[in-house]
Amino acid sequence: MAASARRTVLSLYTRVFRIARTWQAQSGVQRDTDTERKYIMQEARSLFRQNQQLTDPESIKRCIEECEARIEIGLHYRNPYPRATYLPPLGLATQKGRKLRAQQRLRKQAKPIYLQSHDET
């Protein structure tokens, strides 16, 4: 990993934990605030550890962009959880063969950048 990318990743990591320390839930209930803070820290730890061994500059860049997008969306909407994805038309229809592969490709293309690290559900 290049020194500039390493510096960027470490600054994002500290930024996420700084946000988690000062996070306040929209509801104003302390229990909700604690739950959301814990979620932010657990999610950050797991995603950063999951991507710790990346060496490809392009994949590192995508992960950095995803992290920045998730931070901005979370701060804007005051919601730390990932926003829902919207499936393309006919995205849920059960098909076989070529149509199924085409639908899977559409689902993958419709996935926003801030959810790239989440597995298919």
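Residues numbered from 1 in each chain as written. Predicted model: local features only at pLDDT ≥ 70, side-chain atom pairs only at ≥ 80, totals over all residues. Heavy atoms only, no water.

If you check an unreviewed UniProt entry, the protein appears there as LYR motif containing 1 from Kryptolebias marmoratus. According to the UniProt record, the Sequence similarities (unreviewed entry) comment for the protein reads "Belongs to the complex I LYR family." (UniProt positions renumbered as here; feature names shortened; annotations may be inferred.)

A. Representation of the pattern of salt bridges. Per the counting criterion, the structure on display carries 3 salt bridges. Here Glu72 makes a salt bridge to Arg15, at a shortest N to O gap of 3.1 Å. With Glu72 in helix 3 (residues 57-77) and Arg15 in helix 1 (residues 3-22), the pair connects residues that are 57 residues apart, well separated along the chain. Residue class for Glu72 comes out partly exposed when judged on its relative accessible area of 43%. Taking the relative accessible area as the measure of exposure, Arg15 reaches 29% and is therefore partly exposed. (Salt bridge = Lys/Arg side-chain N within 4 Å of Asp/Glu carboxyl O. Helix = DSSP H or I, 4+ residues; strand = E, 2+ residues; numbered from the N terminus. Buried < 20%, exposed > 50% of the residue type's maximum accessible area, 1.4 Å probe, protein only.)

B. Region of interest: the packing of helix 1 against helix 2 (residues 30-50). Viewed as axis vectors pointing N to C, helix 1 and helix 2 meet at an angle of 165°, and their least axial separation amounts to 8 Å. Taken together, the axes of helix 1 and helix 2 lie roughly antiparallel to each other. When you trace helix 1 past helix 2, the crossing you get is left-handed. Where helix 1 approaches helix 2, its residues Val9, Leu12, Tyr13, Val16, Phe17, Ala20, Arg21 and Thr22 are matched on the opposing element by Arg37, Ile40, Met41, Ala44, Arg45 and Phe48. Tallied by class, residues from the contact of helix 1 with helix 2 come to 10 nonpolar, 1 polar and 3 charged. (Axes fitted to C-alpha atoms, helices over the stretch in contact; angles between N-to-C directions. Parallel < 35°, antiparallel > 145°, perpendicular 65-115°, else oblique. Left-handed = near helix turned anticlockwise from the far one by under 90°. Contact = heavy atoms within 4.5 Å. Nonpolar A, V, L, I, M, F, W, Y, C, P; charged D, E, K, R; others polar.)

C. Fine view of the packing of aromatic side chains. Tallying each qualifying case throughout the model produces 3 aromatic pairs. Ring geometry for Tyr13 and Phe48: centres 4.8 Å apart, planes at 75°, overall edge-to-face. Linking Tyr13 in helix 1 with Phe48 in helix 2, this pair joins segments that are 35 residues apart in sequence. Look at Tyr13 and you get partly exposed, because its relative accessible area is 28%. (Phe/Tyr/Trp six-rings, centres within 6.5 Å; stacked < 30°, edge-to-face > 60°.)

D. Up close: the layout of surface pockets. Its volume calculated, the largest pocket comes out at about 840 Å³. Val16, Ala44, Leu47, Phe48 and Cys67 are, among the 37 residues lining the largest pocket, the residues nearest its centre. Only helix 1, helix 2 and helix 3 provide two or more residues apiece to the lining of the largest pocket. Within the lining of the largest pocket, the residues separate by chemical class into 25 nonpolar, 5 polar and 7 charged. (1 Å grid on protein atoms, 1.4 Å probe; cavity = no way out; pocket = protein on both sides within 12 Å on 5 of 7 lines; lining within 4 Å. Points joined across faces, edges and corners; volume = space filled by probe spheres on them.)

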